[in-house]
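# Structural overview for review
Okay, here's what each chain looks like letter by letter:
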Amino acid sequence: MLDFILLTGDVFAGAAEPVVALIDSILTPLIAVVGSVGAIWCVLLGVKLAKADEPQEREKAKMALKNAIVGYLLIFILIVVLRTTIGPLAKWMGGYNSSFTTESSKQ
């Protein structure tokens, strides 16, 4: 059974193409959503920082604002990296699968 699957060609290409297309179509709106939610959340934390009366509340709000900015920057960077690398990764995996099947069919 395994020999039949290996001899028929690229088994994973049919399954990978819709997944890559789905991820690629979701990433553009995801960047907009993450950016807008991040901006709103940072504005709310800035208002909380401005309203803080006690030094402890001020430090808490400052740390929360710092953490939110770092977190949203990391999420944004990871989304952009995923967007730029999904095409080359899919091509690389396609090349790996085809080289694997041709080597297996030679045996």
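Above this text you will find the structure in question.
Values in this document were obtained by computation on a predicted structure and should not be read as measured data.

## Considering the overall build of the chain
Helix and strand content of the chain: three helices and zero strands. Sequence-ordered secondary structure for the chain, helices as α and strands as β, is α-α-α. When the 107 residues of the chain are sorted by exposure, 15% land in the buried category. Taking the contacts inside the chain whose residues are at least 6 apart along the sequence as the reference set, 71% of them involve residues at least 24 apart.

## Comments concerning the pattern of salt bridges
Scanning the model with the defined rule gives one salt bridge in all. Put simply, E59 and K62 hold a salt bridge, and the shortest N to O gap is 3.6 Å. Residue E59 and its partner K62 are both found in helix α3 (residues 55-106); the two are separated by three residues, about one turn of the helix. Using a relative accessible area of 44% as the deciding quantity, one classes E59 as partly exposed.

Conventions we followed
Residues numbered from 1 in each chain as written. Predicted model: local features only at pLDDT ≥ 70, side-chain atom pairs only at ≥ 80, totals over all residues. Heavy atoms only, no water. Helix = DSSP H or I, 4+ residues; strand = E, 2+ residues; numbered from the N terminus. Buried < 20%, exposed > 50% of the residue type's maximum accessible area, 1.4 Å probe, protein only. Contact = heavy atoms within 4.5 Å. Salt bridge = Lys/Arg side-chain N within 4 Å of Asp/Glu carboxyl O.

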